[in-house]
Amino acid sequence: MSTPHLAARLQGFGTTVFAEMSALAVATGSVNLGQGFPDTPGPAEVLDVARAAIGTPLDQYPPGPGLPVLREAIAAHVQRFRGLVYDPGTEVLVTAGATEALAGAMLGLLDPGDEVVVLEPLYDSYAAGIAMAGAVAVPVPLRPPAVEPGEVSTAPWTFDPDDLRAAVGPRTTLVLLNTPHNPTGTVLDRAQLELVAELAREHDLLVVTDEVYEHLVFPGSEHVSVAELPGMRERTLVVSSGGKTFSTTGWKIGWVCGPAELVTCVRTAKQFLTYVNGGPFQPAIAAGLGLPDTFFAGVATELAGKRDRLVAGLAAAGLPVVSPQGTYFATVRVPGDGLAFCRELPHRVGVVAVPMSAFYLPEHAELGRDLVRFAFCKRDEVLDEAVARLTA
């Protein structure tokens, strides 16, 4: 059903499922394991810098590309963890979260009719950003591993290499990656990324890679950026943010790194979106990016424990569970319709989750019809309460 006066390219994009489920959590007093945001504060080393910055000239407009201290910290951080060298003056751009970086990339790089290859399920802003640019999303399905009720699978979601090859056509301009992947929690391995790189080089494609969960990778898996592979730095934009790593999702401090030519394309669009944001928060995220390796390892270790806590509880409740390699999210398969399940669950047991069908294009929603996503980036006592309610 169409929405009157809504532009044709945005028909079908209604209120996000996160807004609906979060409102349902408030209305029913439920434990909210739907939206992926932590319920504990970030590190004092980060928060204290922001507090000190408020009430100073940093409350005013920062420079369009971002404060130099943050751009320099981003470049140093990427070199430290990925071995990639970017010029903070021309190859790093600060954005209003990763969402704006992605929207700016789509608007700045795509023309109407261009095709974008993207893994499905996909974070919901991707399809909207592609549509706003007048381009066309060409999905490649990620398939979950088989798992029985009450059991846990640690196998990743996977795509068929032939499906990826078939998705590339004469109108393909760009490949949009997300690893570690939201909503599935899969971390793409080097072989999968090398296939993407091979196709990008062969067909002269650009790559935009969303790596906001880069530090939330659990033991046994390794995050590799496609920009690290031979011949890929010059055709890749790497997007990340501080929200997930430092438990500051509301600050909306993101960034994009890449060749100056491509970053300029993003900046051209971005300057007419928010222009700038988060002045006092930018030096705080800069401080966070300089924290020692032990901090980043500790974040992943602590989150892995929360994953195991929730996954075990979901399995004890009789659900078939796919345990993720990274991110905040575990997936379960439910009997019947996942959206109906998620709408009924708060009233039945007082727990909120998110239906995976929301992460598919409308014509493919059936692929995720019986899948539901739970977030585990919560305090242990909150996870325990959710599990108690589910098992009851």
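Computed from a prediction, not measured in an experiment: that's the story for all the values here. (Residues numbered from 1 in each chain as written. Predicted model: local features only at pLDDT ≥ 70, side-chain atom pairs only at ≥ 80, totals over all residues. Heavy atoms only, no water.)

1. A few points about the overall build of the chain
Formally: By the criteria applied, helices consist of DSSP H or I runs no shorter than four residues and strands consist of E runs no shorter than two, each listed in order from the N terminus. Here the globule rule is a power law, 2.2 Å times the number of residues to the power 0.38, and the radius of gyration is based on C-alpha atoms. When a residue's accessible area, from a 1.4 Å probe over protein chains only, is under 20% of the maximum for its type it is buried; when over 50% it is exposed; and in between it is partly exposed. Contacts: residue pairs with any heavy atoms within 4.5 Å of one another. For the accessible areas, the method is Shrake-Rupley and the probe is 1.4 Å, while residue cover comes only from the protein chains on display. Under the convention used here, Asp and Glu are negative, Lys and Arg are positive, and both His and the chain ends fall outside the count. The location of each charge is read from NZ of Lys, CZ of Arg, CG of Asp or CD of Glu.
Helix and strand counts for the chain stand at twelve helices and 14 strands. In terms of overall size, the chain behaves like a compact globule, its C-alpha atoms giving a radius of gyration of 20 Å where 392 residues would be expected to give roughly 21 Å. In terms of principal-axis extent, the alpha carbons of the chain reach across some 55 × 50 × 45 Å. When each of the 392 residues of the chain is scored for burial, the buried share is 55%. Across the chain, contacts joining residues at least 24 apart in sequence account for 76% of those joining residues at least 6 apart. On the chain, roughly 15,800 Å² of surface is accessible, and the fraction owed to carbon and sulfur atoms is 55%. Distance between charge centroids for the chain: 4 Å, based on 27 positive and 43 negative side chains.

2. Considerations on the pattern of salt bridges
What counts is decided by this rule: Whenever Lys or Arg places a side-chain nitrogen within 4 Å of a carboxyl oxygen from Asp or Glu, that contact is recorded as a salt bridge.
Counted according to the given criterion, the structure contains 20 salt bridges. Here D380 ties to K306 by a salt bridge, and the two come within 3.1 Å at their closest N and O atoms. On the criterion of sequence distance, the pair formed by D380 in helix α12 (residues 380-391) and K306 in helix α10 (residues 293-316) is long-range, its members being 74 residues apart. K306 gets classed as buried once you look at its relative accessible area, which sits at 11%. D380 is paired through a salt bridge with R309; the nearest N and O atoms lie 3.5 Å apart. Remark: R309 occurs in helix α10 and D380 occurs in helix α12; sequence separation between them is 71 residues. Several salt bridges share partner residues, and in doing so they unite K306, R309, D380 and D384 into one network.

3. Some points on the state of the cysteines
Counted only if it meets this: Any cysteine sulfur atom paired with another within 2.5 Å is treated as part of a disulfide.
Counted under the stated rule, the structure contains zero disulfides. Summary of cysteine pairing: C265 is not part of a disulfide, and the nearest cysteine sulfur, belonging to C257, is at 16 Å. Here C342 stays unpaired: no disulfide links it, and the sulfur of C377, its closest cysteine neighbor, is 16 Å away.

4. Observations regarding the pairing of strand β4 (residues 136-141)
Put simply, the rule is: For two strands to be treated as a pair, DSSP must find at least two bridges joining them. Whether a crossover is right-handed depends on one test, that the path from the first strand over the helix to the second runs clockwise when the strands point away from the viewer.
When strand β3 (residues 115-120) meets β4, the two strands line up parallel, connected through six bridges. The residue bridging E120 from the neighbouring strand is P141, located in β4. Handedness of the crossover is the feature at issue here: the chain leaves β3, passes through helix α5 (residues 124-132), returns alongside β4, and the resulting connection is right-handed.

5. Considerations on helix α4 (residues 97-109)
The criterion, for reference: Any helix carries an expected span of 1.5 Å times its number of residues minus one.
The end-to-end C-alpha distance of α4, which contains 13 residues, comes to 18 Å, matching closely the 18 Å that a straight helix rising 1.5 Å per residue would cover. Of all 13 residues in α4, ten are buried, a share of seventy percent or more. Along α4, the positions that sit buried rather than exposed are G97, A98, E100, A101, L102, A103, G104, A105, M106 and L109.

6. Digging into the sheet that holds strand β10 (residues 321-322)
Test applied: Throughout, an axis means a line fitted to C-alpha atoms (over the contacting stretch in the case of helices), and angles, computed between N-to-C directions, take values from 0 to 180 degrees.
Ordered by their spatial adjacency, five strands build an open sheet running β5-β10-β11-β14-β13, and the pairing between neighbours is mixed. Since the sheet does not close on itself, it has two edges, and those belong to β5 (152-153) and β13 (354-355), each with one partner. Lying on the sheet, helix α11 (residues 338-349) is in contact with β13 and β14 (371-375); it crosses β14 at an angle near 45 degrees.

7. What about the domain arrangement of the chain?
Note the cut-off: Bear in mind that the domain bounds are from an automatic or database domain assignment. Buried surface area refers to the total accessible area, computed with a probe of radius 1.4 Å, that the two partners give up upon joining, counted for both partners together. In protein, a polar contact requires one atom able to donate a hydrogen and another able to accept it; more generally it is a pair of N or O atoms within 3.5 Å, and residues adjacent in sequence count only if both atoms are side-chain atoms. Throughout this entry, Asp, Glu, Lys and Arg are counted as charged residues, while Ala, Val, Leu, Ile, Met, Phe, Trp, Tyr, Cys and Pro are counted as nonpolar. The remaining residues, Gly among them, count as polar.
According to the domain assignment, the chain consists of domain 1 (8-42 + 294-391) and domain 2 (45-292). Distance from the C-alpha centre of domain 1 to the C-alpha centre of domain 2: 22 Å. Taken together, the 44 residues of domain 1 in the interface contact 52 residues of domain 2. Carbon and sulfur atoms make up 67% of the surface buried where domain 1 meets domain 2, a total of about 4,000 Å² over both sides. It is F296, Q325 and F359 that lose the most area in domain 1 upon contact with domain 2, and together they represent 20% of the buried surface on that side. On inspection of domain 1 and its partner domain 2, the count reaches zero salt bridges. Where domain 1 touches domain 2, the interface holds 18 residue pairs in polar contact (both at pLDDT 80 or more). At the level of secondary structure, the elements contributing two or more residues to the side of domain 1 that touches domain 2 comprise α10, β10, β11 (329-333) and β14. For the side of domain 1 that touches domain 2, the leading source of residues is α10, giving ten residues. Along the lines of polarity and charge, the residues of the side of domain 1 that touches domain 2 split into 28 nonpolar, twelve polar and four charged.

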